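Structural characterization, general
Residue strings, one per chain:
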Amino acid sequence: MEKKKKKDQFVIAYLTDLQSPHTVVSHALLMARMLRKGLILLHISDPKYTALTPDEAQPLLQTIREGIDLADCNYVALKGDTRAVVKALPDLLGAVLIVAEASAGAPRRSPIHKKSVLGNFEECKVAFLTVQEPCQTRFEDVALFIDFKKESKEKYIWSSYFARFNGSRIQVLHYDYKDEGLRHKWYSNMKFLTRLYNSLEITFTPHFIPHKSAYNDLDALRYAHEQGYRLLISTTTKEKDVAEWFMGTQEERIIVNSYNIPILFLNPREDLYVLCD
């Protein structure tokens, strides 16, 4: 693979099974076209998950590439620890978004098991989109839950990309907070969102949703399914509390879901990569 320019940015299709790539490729191709970015097909030869070497993976990737109708599409096979490679992708390949498969039926040691995906992407510096089935939507409606935490602001920029580049309708979900302190913090986040969207001439629709779960995004996912929204933007947990260590985080409960709704995850971090418009 030829060396890329420093400012080039790419959508990465992270392919673990080169015999069944369609689920990841179909979403990655949609995102590359939407964001007007190139596409790179990536296989990581990680001994934890596969005996396939980079040299053996290359011709399989080439075959997949031949079936993709996109001029700026390339492929690469890398050897190493998946977590380390994923962390390095923004600098190594100019990644701005990574698409990865997560499967409910995957064995625990599989790279597409939910815990493997979340563990391998825990230090990811870019947004990562987790998908369960081949793409069947253009993401006409994109949902995000806004609460009282600072991490809510991590979702604003990415939701604006869908509105700006895809014409998506943005659906902002939130609780009807009764506690004055929480309500004030939530309102501050909503004001920030409104100012940003106004500056970009984007509109959004707010929705009060029922508070049924201890996990905000679990309620958001349920509501999104009921309303026919086909994408949820979520932030991962920055620091686990005691309950989350024992019960699991909300990302563990939504990444693989019975509605097959794709989840766009953002890791809360100061050096999160964004698009070059």
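Below is a summary of the structure that appears in this document. What you see is a predicted model; the values in this text were computed from it and never measured.

Okay, the side chain of S110 next. Within the fold, S110 resides in the loop between β4 (95-101) and α4 (114-120). The buried category is assigned to S110, whose relative accessible area is 13%. Here S110 is in contact with Y49 and S116, once residues within four sequence places are set aside.

Here the focus is empty space enclosed by the protein. Under the defined criterion, the tally for this structure stands at two cavities of 30 Å³ or more. Taken as a whole, the largest cavity encloses approximately 50 Å³ of empty space. Taken together, the residues that form the lining of the largest cavity break down as two nonpolar, no polar and four charged. Lining the second largest cavity we find Y14, L15, T16, D17, S20, P21, V24 and E101.

You can see A88 is positioned in helix α3 (residues 82-93). Take A88: its relative accessible area is 28%, and that puts it in the partly exposed class. Separated by 38 residues in sequence, A88 and V126 place their C-alpha atoms 10 Å apart.

Rules and cut-offs
Position labels on residues start from 1 in each chain and follow its written sequence. A pLDDT threshold of at least 70 governs which residues receive local features in this predicted model, and a stricter bar of 80 or more applies before side-chain atom pairs are shown or counted, although totals over entire chains, interfaces and linings include all residues. Excluding hydrogens and water, the side-chain values take into account all heavy atoms of the structure. We count a stretch as a helix when DSSP gives it H or I for four or more residues in a row; a strand needs E for two or more, and each element gets its number in order from the N terminus. Burial here depends on accessible area, computed with a 1.4 Å probe over protein chains only, as a share of the maximum for the residue type. Under 20% is buried, over 50% is exposed, and the range in between is partly exposed. Throughout, a contact is declared for two residues whenever any of their heavy atoms are within 4.5 Å. For cavity detection a 1 Å grid was placed over the protein atoms alone, and a set of points counts as a cavity when a 1.4 Å probe fits there but cannot get out; an open set counts as a pocket when protein lies on both sides within 12 Å along at least five of seven lines, with lining residues being those that have an atom within 4 Å of a point. Grid points are joined across faces, edges and corners, and a volume is the space filled by probe spheres set on the points. Each residue is assigned to one of three groups, with Ala, Val, Leu, Ile, Met, Phe, Trp, Tyr, Cys and Pro labelled nonpolar, Asp, Glu, Lys and Arg labelled charged, and all others, Gly among them, labelled polar.

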